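For reference, the chains in residue letters:
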Amino acid sequence: MPAGLSWPEAAALGLLAPALLVTLCWHLWALRWSLSRDRASALPLPKGSMGWPFFGETLHWLLQGSRFHSSRRERYGNVFKTHLLGRPVVRVTGAENIRKILLGEHTLVSTQWPQSTHIILGSHTLLSSTGDLHRQRRKILARVFSRAALESYLPRIQKVVSWELRGWCMEPGSIAVYSSAKTLTFRIAARILLGLRLEEKQFKDLAKTFEQLVENLFSLPLNIPFSGLRKGIKARDMLHKFMEKAIQEKLQRNNPEDHSDALDFIMNSAKEHGKEFSMQELKESAIELIFAAFFTTASASTSLILLLLKHPSVIEKIRQELMSHELYQQSQCCPAGRCLDTLTIQSRDREKPLSHSMAKDIHKDQSQPPAPVEEDSLQPSALLEPTVPQGNTCTGPQLLASAGQSCHCDSDISLEKLSRLRYLDCVIKEVLRVLPPVSGGYRTALQTFELDGYQIPKGWSVMYSIRDTHETAAVYQSPPSSFDPERFGAGRPEAAGRFHYIPFGGGARSCIGKELAQAILKLLAIELVSTARWELATPGYPSMQTVPIVHPVDDGLQLYFHPLQPSQGHEA
């Protein structure tokens, strides 16, 4: 204790010194960023706060979620500065501002994901590449999402969606929708896009590992024990090890007639463009494909189910449209399996018919319905799901037959048939407007430029807001907060604009898989409204978390799913 000071005085000094040090550091941090403005420009930096030294406002962002951005937008305007995940960031809202950013790719701005995302996903991905390399990779990957490729995926996606939904309806308890949607979309990504043949335990382990990777994509760039980045790297290494083995097996098979998954399309397309992908490039491309198709589509699927539940009149309009195009009865099917009214379960010595009224009791014997049969499966024991018992099966979808009648097959739904469903298209667009899976995108300023009267310094990150732009666009005739699919109907000004509606981004970086994502959502909507009804299993609707991907807080959307009786088909 310093001479001449009493214990209370010494204690006060001990508290005051750290407080002064923290205050000094905070002011030096703010001064450091105010001096970083481009002196060649007379424009000021955007308003805003850079938060605390090193951490910036990252903790506030993670804890406050969407409220973080909306509160600062209300205080500072459509363009404001902050500091997130170790970098200075300018947050941007508004169609005209975002138009300048998205169309300025490769000239004004370049793609910029958080450093942790770049480290975990790797440098050979589409989202990490820039300039000519980005254009080349995009051309190669375009084959994966071409119309011919989508047509080849569609029947198998329909089977998986139908099979998964039947499992929800047969579950005796409530369904955690977001978790179940992730299972659905991961099954689609792993089986159909990558052509993986996994046992159920392998599937669950792979899904768990991938979820750990995605959960740590947006973390502080600190590669230290127990950090988010370290966990993400560990998950990535495990996935790469698995994917390398799967790719080597695929290359060894070398069946020229078996080119129906995304990896096949990638390898063939690369060869056509004079490039041979290395094993590292193939592994990173495979993980990127799952990343693009997994969490975002699961988020949108959850939002679709939630918003349809809130708006039963929309369900009835979708049914009416399906009937008008003679698609309603076709969608009431059990692809490549038994019809719902003649569904069977294996007993010890015989098969027992299962009626709709008994569907919930199947959980006592079997937790999932018979699996969709894949014609290109390597071996029955390696399938994701149990195999279908021999008997009343067919290679295409089956119509739901009334009691005493047998099932019969019909043609699979096609892209052309989906394109006729204009109202359903409006519904999907409105779901993605109200609850876009990703709240925004990152860019880095390649040069200092002007935006809304402020300078955006070279080297700073720019984060454009999809959600805020959707919520504030003045073009919408009905309130932006309302769920109104008709706003995208012909003749409405909302359907004509470009950058006030950007769930898939825009410009050179627009989502390359948007057609596949919309097709999955449409197939899910068709199966839902045609074969099931669903209701809340909780007193109220859950809150939605928006960072980093939109989903119910604590997986709180718990629903009961029930098979839809033929007589209920016209009920809302």
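Structure first, text after, so check above.
This write-up is about the structure you can find in this document. In this text the structure is predicted, and so the values were computed from the model without any measurement.

## What about empty space enclosed by the protein?
Take a probe with the size of a water molecule and roll it over the atoms, and the empty space left behind shows itself. Under the defined criterion, the tally for this structure stands at six cavities of 30 Å³ or more. Volume-wise, the largest cavity comes out at about 1100 Å³. Along the walls of the largest cavity sit 48 residues, with Trp113, Ala292, Thr296, Val438 and Cys511 positioned nearest its centre. Of the residues forming the lining of the largest cavity, the biggest block, six residues, is contributed by helix α12 (residues 279–293).

## With respect to unusual backbone geometry
Of note, Phe226 is a non-glycine position whose phi angle comes to about 70°, a positive value. Locating Phe226 in the fold gives a position in the loop between α9 (200–215) and α10 (228–253). With a relative accessible area of 78%, Phe226 lands in the exposed category. Phi angles above zero are rare outside glycine, and Asp554 is one such case at about 55°. Topologically, Asp554 is positioned in the loop between β14 (551–552) and β15 (558–563).

## Notes on the sheet that holds strand β8 (residues 440–445)
Spatial strand order, β1-β2-β3-β11-β8-β4: six strands in an open sheet with mixed pairing. Bordering the open sheet on either side are β1 (47–48) and β4 (109–111), each of which pairs with just one other strand. Examined bridge by bridge, strand β2 (residues 79–84) and strand β3 (residues 87–92) share six bridges and lie antiparallel to one another. Within the sheet, the bridge partner assigned to Leu84 lies in β3 and is Arg87. Its contacts with the sheet place helix α3 (residues 66–76) against β1, β2 and β3, and it is angled at close to 140° to β2. Contacting β2, β3, β4, β8 and β11 (461–465), helix α4 (residues 95–102) crosses the sheet at an angle of about 130° to β11.

## A short note on the packing of aromatic side chains
Enumeration over the complete set of coordinates arrives at twelve aromatic pairs. Centre to centre, the rings of Phe54 and Phe55 are 5.4 Å apart; their planes meet at 80°, and the pair counts as edge-to-face. Given a relative accessible area of 42%, Phe54 falls into the partly exposed group. When its relative accessible area of 38% is taken as the criterion, Phe55 is described as partly exposed.

## Side note on the nonpolar core
Counting 113 residues, the largest nonpolar core has Tyr153, Phe210, Leu213 and Phe561 as its most contacted members. Top contributing element to this core by residue count: helix α19 (residues 514–531), with eleven residues.

## Focus on the sheet that holds strand β12 (residues 532–536)
Strand order in the open sheet made by the three strands is β5-β15-β12, with antiparallel pairing throughout. At either margin of the open sheet sits one strand with a lone partner, and together these are β5 (175–176) and β12. Pairing between β12 and β15: five bridges, direction antiparallel. Residue pairing for β15: Trp534 is matched across the bridge by Phe561. Sheet strands touched by helix α13 (residues 295–310): β12 and β15. Its angle to β12, the strand with the most contacts, is close to 85°.

About the cut-offs
- Within each chain, residue numbers correspond to sequence positions counted from 1 in written order.
- A pLDDT threshold of at least 70 governs which residues receive local features in this predicted model, and a stricter bar of 80 or more applies before side-chain atom pairs are shown or counted, although totals over entire chains, interfaces and linings include all residues.
- To obtain the side-chain values, all non-hydrogen atoms of the structure were used and water was disregarded.
- The pocket and cavity definitions rest on a 1 Å grid over protein atoms only: a 1.4 Å probe that fits but cannot leave marks a cavity, an open set with protein on both sides within 12 Å along at least five of seven lines marks a pocket, and residues lining either have an atom within 4 Å of a point.
- Grid points are joined across faces, edges and corners, and a volume is the space filled by probe spheres set on the points.
- Numbering of helices and strands runs from the N terminus; a helix is a DSSP stretch of H or I covering at least four residues, while a strand is a stretch of E covering at least two.
- Per-residue accessibility, obtained with a 1.4 Å probe over protein chains only, is compared with the maximum for each type, and a residue is labelled buried under 20%, exposed over 50%, and partly exposed between these values.
- When DSSP locates at least two bridges between a pair of strands, those strands are taken to pair.
- Note on definitions: a residue-residue contact is assigned when non-hydrogen atoms from the two residues lie within 4.5 Å.
- Note on geometry: axes are C-alpha line fits, over the in-contact stretch for helices, and angles between N-to-C directions span 0 to 180 degrees.
- Two aromatic rings, drawn from Phe, Tyr or Trp (for Trp, its six-membered ring), form a pair once their centres lie within 6.5 Å of each other, and the interplanar angle then sorts them: stacked below 30 degrees, edge-to-face above 60, tilted otherwise.
- In these notes, a set of buried Ala, Val, Leu, Ile, Met, Phe, Trp, Tyr and Cys residues joined through side-chain atoms within 4.5 Å is what counts as a nonpolar core.

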